[in-house]
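# Commentary on secondary and tertiary structure
Here's the letter readout for the chains.
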Amino acid sequence: MGFRIMGTGRAVPANAVSNDDIAKFVDTSDEWISQRTGIKNRYISTGETLNDLAKEASEKAMEMAHVTADSIDLIIVGTLSPDRIYPSAACELQANIGAVNAIAFDINAACSGFLFALQIANGYFATGGAKRALLVGAEILSKMTDWTDRGTCVLFGDGAGACIVDYDKDAVVTFSSGSDGTKGDALYCNNRPINNPFLKNESSLDHTHMDGQEVFKFAVKTVPRAIEDAMEKAGVTAQDVDVFLLHQANLRIIEAVAKRLKRPMEKFPLIMSEFGNMSAACVPILLDTQIRNGTVQRGMQTVMAGFGAGLTWCAAVFVY
Ligand code: UT7
């Protein structure tokens, strides 16, 4: 019992920003960013909203899947940067694409958001609550980035990836996921402060804070474990896996995971060079690029994994 991926799509803002562009206003260099992260470019919104990108990505996914919006009965958007605090980005997307029959809600699991959405959708499928889901990972991280902090502003990009997923009673799908809220301060952004007639608060809106080394250590330890656990549940080994689609935070993290799993880097497609770290949007955009360029093909044993703020992590094993 599980799912089948029917179609994918992606959208990014028009404004491409190179490492050299960032080096014009913060003390950094293309050499440092490329060597320490693998990132060379990212797309930063100059007006596109999260829902503009989510709609474009979703329409491309529906087109690839040859399905209409009214056939979708579940929409989940993984995001930490919705246009509105409420209603959810998923409800806005539902209205924008005309998915009149869908249940729609957001989840915030940061960079693991798309994988958590996939696991939730699988639960809906298992309990008969839905048969077709539109899953989206979408972020406008640039609005919460501190553009004076060279430790974080060079990393992030904006974008949206979408996926149409159908219930498939014959599919074998396994997950391994978890959270560690005790490490929440490793990567966070505070919401608007309490401010009312009884408590005056003049502080301004917060931005992203990250202890990069803490998150790095967590990722290289936890991601291989989660993948191994999900593979064991599926009865497959790393040698059986055709492609590993990992969250694109840092090339060095992916190299460490590949080494731990004893698999060559060719099995780990990379897109951080072009897109940077787009949090929940990374994995679905990676999936879309690799399906459209022919790297991911039908029948392939596939692993997807996300990790990030929370801290959260999730790995999935399935056949594309
Ligand atoms: O998406 C979810 C989660 N996020 C992640 O997975 C991020 C995980 N962490 C990382 O990818 C890495 O920790 C970073 C890329 C964020 C940082 O790399 P690092 O190798 O851990 O560097 P660092 O923070 O230890 O900094 C090393 C040096 C410092 O200088 P000193 O103190 O040695 O003189 C920093 O000030 O590099 C300096 N530095 C920079 N220099 C030029 C930090 N950022 C920059 C920069 N340009 N952008």
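Source: prediction; values computed, not measured.

Applying the stated criterion across every chain yields a total of zero disulfides. Left unpaired, Cys111 is separated from the closest cysteine sulfur, that of Cys282, by 7.1 Å. On the basis of relative accessible area, Cys111 is assigned to the buried category, the value being 9%. Here Cys314 stays free of any disulfide, with the sulfur of Cys111 as its closest cysteine sulfur at 13 Å.

Moving on, we come to the packing of aromatic side chains. Under the defined criterion, the tally for this structure stands at seven aromatic pairs. Their ring planes at 50 degrees and their centres at 5.7 Å tell us that Tyr43 and Phe275 sit as a pair that is tilted. Residue Tyr43 is found in strand β3 (residues 41–43), and its partner Phe275 is found in helix α9 (residues 272–275); the two are separated by 232 residues along the sequence. With a relative accessible area of 14%, Tyr43 lands in the buried category. For Arg298, the ring lying beneath its charged end belongs to Tyr320, and the centroid distance is 4.0 Å.

Further remarks concern empty space enclosed by the protein. Summed over all chains, the structure comprises one cavity of 30 Å³ or more. The volume enclosed by the largest cavity comes to roughly 30 Å³. Surrounding the largest cavity, Val223, Ala226, Ile227, Ala305, Gly306, Phe307, Trp313, Cys314 and Ala315 form its lining. For the lining of the largest cavity, the secondary structure elements donating two or more residues are α7 (212–234), β12 (301–308) and β13 (312–319). Here the lining of the largest cavity is composed, by residue class, of eight nonpolar, one polar and no charged.

With their axes 10 Å apart at the nearest point, helix α3 (residues 50–65) and helix α4 (residues 89–97) run at an angle of 55 degrees to one another. The angle between α3 and α4 places the two elements in the oblique class. The element α3 and its partner α4 pack so that their crossing is right-handed. Of the residues in α4, those in contact with Leu50, Asn51, Ala54, Lys55, Ser58, Glu59 and Met62 of α3 are Ala89, Glu92, Leu93, Asn96 and Ile97.

About the cut-offs
- Residues numbered from 1 in each chain as written.
- Predicted model: local features only at pLDDT ≥ 70, side-chain atom pairs only at ≥ 80, totals over all residues.
- Heavy atoms only, no water.
- Disulfide = S-S within 2.5 Å.
- Buried < 20%, exposed > 50% of the residue type's maximum accessible area, 1.4 Å probe, protein only.
- Phe/Tyr/Trp six-rings, centres within 6.5 Å; stacked < 30°, edge-to-face > 60°.
- Helix = DSSP H or I, 4+ residues; strand = E, 2+ residues; numbered from the N terminus.
- Lys NZ or Arg CZ within 6 Å of the ring centre and 35° of its normal.
- 1 Å grid on protein atoms, 1.4 Å probe; cavity = no way out; pocket = protein on both sides within 12 Å on 5 of 7 lines; lining within 4 Å.
- Points joined across faces, edges and corners; volume = space filled by probe spheres on them.
- Nonpolar A, V, L, I, M, F, W, Y, C, P; charged D, E, K, R; others polar.
- Axes fitted to C-alpha atoms, helices over the stretch in contact; angles between N-to-C directions.
- Parallel < 35°, antiparallel > 145°, perpendicular 65-115°, else oblique.
- Left-handed = near helix turned anticlockwise from the far one by under 90°.
- Contact = heavy atoms within 4.5 Å.

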